[in-house]
Amino acid sequence: MNVNDLPEDCLWLVLKRLPLAELYRLHRARVCRRWTSLISSMFAANRYLHLFSSRQELATANWSIAEHNIDGFTFGDHVLILNEAAEEEFGIPPEAALDLPDLFPNLKVLKCCSRQAHEAFIPGMLRRWSPQLELLSIAHLPTSPEVTAQLWAAVSEMSQLRVLKLLCAYRNPIPEGLPILRQLTSFRLMYYLPSLVPLLSSLSSCTQLDLNWVYLSQGQLQAALDVNQSLKAQLKSLALGFIFSPAGSGSREKNYQEVFHYVCEQLPHLTSLDIMFADHLPLGVLIPELAKLYQLEKLWLFIGRAQLADVIKSATELPQLTSVRLLKLEISDLSVEHFFALVPHIFPRLEQVTLRCPDFASDQAAQQLLKDRFGVHFPTVKRRKLKFV
């Protein structure tokens, strides 16, 4: 039986199992009209695209997804690697990037991790995709001022954009008054050195904010929210990673405590909170502050054994966070006894728990003890994930 004897839906299933780059090469080859039409329709139905410049970047992205336990998502089906080694599984020639807007006319989500594509191709691609893109993620902003200006000009035309993620912006300031900032519902910024006040002052529709490796103080956050009352009232999900103290704002630990106190005091309606610097806060301060967030349902913390030991004797004096249903904890130097003496008391109504304790990676007995006692101490938990890597 010849493959061309297959009905259209069966042939579709066969072609769908091929990497995107292989489909691209078939599309560029002299295949029959039927195959060309079928592949074109597959491209037209594709809503997601991830661009890399090397297999190493792809491997790093997959590791990050596995490490952070992002459910139901892996790179592969929607991946292209722009490099000269076009014969590899996901590779296509860099100049082929200029064809991508024609091949994927209905694209909604574009994630770019390819530095090579950014400098040479991405402004032009974005301009042609600007009418329909809803999510844009850029891992490395251009180093050329001219290309950077072209990039922001293209982004400014994205009337449908709702989610923007920028990584490794470093000293490249995002233009003040960028029109799309006011329409974003989700904004993530990582590795950014300029002041955040102009940006935060413009995010009037944002409900989800993720800041990591940035300069931020309590005074800056207050200044931005005083100007932008809409952000203050609408923000539901906040993730704060490693934040640096601006000049003159005191030590890192003091800055952490001041920012955290302001967040809990001024944003009590948050439903999701991710605090990567929680290990710099005493639990005797951390838990009472979190108790102010009366709608909090999802919480992600990094804590240490010393924090658990410090409050173990007064655990019953700490408030209970009864609204929290989903908890993610990363614990260094974990003590099983301290963990079960404290955490089930503070979070009595958990339904999902993800616990990462890399110290147990080679301790099979400790892993088993933790698994055995988990069901006893967390009777309400319906879903649990214990990670030891």
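Just above sits the structure.
Summarised in this report is the structure supplied together with it. (Residues numbered from 1 in each chain as written. Predicted model: local features only at pLDDT ≥ 70, side-chain atom pairs only at ≥ 80, totals over all residues. Heavy atoms only, no water.)

By the definition in use, this model includes nine salt bridges. For E134, the salt bridge goes to K108, with nearest N and O atoms at 3.9 Å. Of the two residues, E134 is situated in the loop between α7 (122-129) and β5 (135-138) and K108 in the loop between α5 (100-103) and β4 (109-112); the sequence distance between them amounts to 26 residues. By relative accessible area, which is 37% here, E134 ends up partly exposed. The salt bridge partner of K292 is E265, with a shortest N-O separation of 2.7 Å. Pair noted here: K292 is in the loop between α13 (283-290) and β12 (298-304) and E265 is in helix α12 (residues 252-266), with a separation of 27 residues, a long-range link. The class for K292 is partly exposed, based on a relative accessible area of 32%. A network of salt bridges, in which partner residues are shared, links E265, E289 and K292. (Salt bridge = Lys/Arg side-chain N within 4 Å of Asp/Glu carboxyl O. Helix = DSSP H or I, 4+ residues; strand = E, 2+ residues; numbered from the N terminus. Buried < 20%, exposed > 50% of the residue type's maximum accessible area, 1.4 Å probe, protein only.)

Take S362: it is sitting in the loop between β14 (352-356) and α16 (364-377). Spatially, the C-alpha atom of S362 lies 8.3 Å from that of F388, the residues being 26 residues apart in sequence.

This part covers the nonpolar core. Among the nonpolar cores identified, the biggest contains 117 residues, and L100, F187, L290, F339 and L370 are the most heavily contacted of them. Apart from the residues within four sequence positions on either side, F187 is in contact with L164, L166, I174, L199, L203, C206, Q208, L209 and D210. (Core = buried A, V, L, I, M, F, W, Y, C linked by side-chain atoms within 4.5 Å. Contact = heavy atoms within 4.5 Å.)

For the rest of this paragraph, the subject is empty space enclosed by the protein. On inspection of all chains with the given rule, the structure shows two cavities of 30 Å³ or more. Taken as a whole, the largest cavity holds about 70 Å³ of empty space. If you go around the largest cavity, the residues you meet are L283, L286, I287, L301, I303, L308, L329, L342, V343, I346 and F347. Sorting the residues of the lining of the largest cavity by element identifies α13, β12 and α15 (336-346) as the ones contributing at least two each. Each residue belonging to the lining of the largest cavity can be placed in one class, and the counts come to eleven nonpolar, no polar and no charged. Considering the residues around the second largest cavity, the lining is formed by L209, L211, L216, L221, L225, L231, L235, L238, L240, V263 and L267. When residues of the lining of the second largest cavity are traced back to their parent elements, those giving at least two are β8 (208-215), α10 (218-227) and β9 (237-240). Looking at the lining of the second largest cavity residue by residue, the class counts come to eleven nonpolar, no polar and no charged. (1 Å grid on protein atoms, 1.4 Å probe; cavity = no way out; pocket = protein on both sides within 12 Å on 5 of 7 lines; lining within 4 Å. Points joined across faces, edges and corners; volume = space filled by probe spheres on them. Nonpolar A, V, L, I, M, F, W, Y, C, P; charged D, E, K, R; others polar.)

Relative to each other, α15 and α16 sit at 20 degrees, their axes nearing to 11 Å. In terms of orientation, α15 and α16 fall into the roughly parallel class. Between α15 and α16 lies a crossing whose hand is right-handed. Each of V336, E337, F339, F340 and P344 in α15 lies in contact with α16, whose residues at this interface are L369, L370, R373, F374 and H377. Across the contact of α15 with α16, the residue classes tally to seven nonpolar, one polar and two charged. (Axes fitted to C-alpha atoms, helices over the stretch in contact; angles between N-to-C directions. Parallel < 35°, antiparallel > 145°, perpendicular 65-115°, else oblique. Left-handed = near helix turned anticlockwise from the far one by under 90°.)

For any two aromatic rings, the description comes down to two numbers: the centre-to-centre distance and the angle of the planes. Applying the stated criterion across every chain, the model contains twelve aromatic pairs. Both rings, one in W213 and one in F244, keep their centres 5.5 Å apart while their planes meet at 50 degrees; by these two values the pair is tilted. Residue W213 is located in strand β8, and its partner F244 is located in strand β10 (residues 243-244); the two are separated by 31 residues in the primary sequence. Taking the relative accessible area as the measure of exposure, W213 reaches 28% and is therefore partly exposed. Owing to a relative accessible area of 29%, F244 belongs among the partly exposed residues under this scheme. With 6.2 Å between their ring centres and 80 degrees between their planes, F340 and F374 make a pair best called edge-to-face. One end of the pair, F340, is in helix α15; the other, F374, is in helix α16, with 34 residues separating them in the sequence. Grouped by ring-pair contacts, the aromatic residues Y170, Y191, W213, Y215, F242 and F244 constitute a single cluster. (Phe/Tyr/Trp six-rings, centres within 6.5 Å; stacked < 30°, edge-to-face > 60°.)

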